Amino acid sequence: MQLRSFNDYFGVTSRNYFNRFRFFIGKAHHAIFSSGFYVTAGYLPFHKNWYYGYWKDDGTSGDGTPGYTFEGGKVYGVPNINNFFIDTGLFAGIGF
C-alpha cells in the first residue's frame, strides 16, 4: 500500500563544475576526476489530492507493454506539499 500524490511542477536545475583533475597512469592511460555542486528550484502551482492504494497489473496495453493502474481512494486530512522547494547537493565522478 502506498500514499501517493500526483503533482505537476515547474523547475530549474543548475550544475556547476569545479576544476577537472587529470591523473596520468603510465604512458597511455589517464583518469579524470570531476566534481561540483547543483541547485534545483521548483514551483508547484496546483495542489492535487492524496490517494492511498496500490498498483494493479492490468495485463498488457495495446502496444504490448505492461499496463498498470493505481487502485486507491482519496485520503482527507493530509497536509499539502510546499509550493516552492530547493534542493542542493555535491557530486563527483571518475572517468578513464
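Residues numbered from 1 in each chain as written. Predicted model: local features only at pLDDT ≥ 70, side-chain atom pairs only at ≥ 80, totals over all residues. Heavy atoms only, no water.

> Where do I start with the packing of aromatic side chains in this structure?
The relation between two aromatic rings is expressed through the spacing of the ring centres and the mutual angle of the planes. In this structure the tally under the stated criterion is four aromatic pairs. Plain terms: the ring middles of Phe 18 and Phe 37 are 5.9 Å apart, the flat faces sit at 40° to each other, and that makes the pair tilted. Separated by 19 residues along the polypeptide, Phe 18 in the loop between β2 (10-17) and β3 (21-25) and Phe 37 in strand β4 (residues 29-43) bring together distant segments of the chain. Judged by relative accessible area, which is 44%, Phe 18 ranks as partly exposed. Assessed through its relative accessible area of 31%, Phe 37 is described here as partly exposed. Taking 6.5 Å as the distance between ring centres and 20° as the angle between the ring planes, the aromatic pair formed by Phe 21 and Phe 33 counts as stacked. Here Phe 21 is found in strand β3, whereas its partner Phe 33 is found in strand β4, with 12 residues between them in sequence. Residue classification places Phe 21 among the partly exposed positions, given a relative accessible area of 44%. Look at Phe 33 and you get partly exposed, because its relative accessible area is 28%. The ring of Phe 91 is capped by Arg 15, whose NZ or CZ atom sits 5.3 Å from the centre of that ring. (Phe/Tyr/Trp six-rings, centres within 6.5 Å; stacked < 30°, edge-to-face > 60°. Helix = DSSP H or I, 4+ residues; strand = E, 2+ residues; numbered from the N terminus. Buried < 20%, exposed > 50% of the residue type's maximum accessible area, 1.4 Å probe, protein only. Lys NZ or Arg CZ within 6 Å of the ring centre and 35° of its normal.)

> Help me out: how do you make sense of the pairing of strand β7 (residues 84-95) in this one?
The side chains of a regular strand alternate, residue by residue, between the two faces of the sheet. The element β7 is largely exposed, with a buried count of one among its 12 residues. The pairing of β4 with β7 spans 12 bridges and is classified as antiparallel. Among the inter-strand pairings, Thr 40 is bridged to a residue of β7, identified as Asp 87. (Pairing = 2+ DSSP bridges.)

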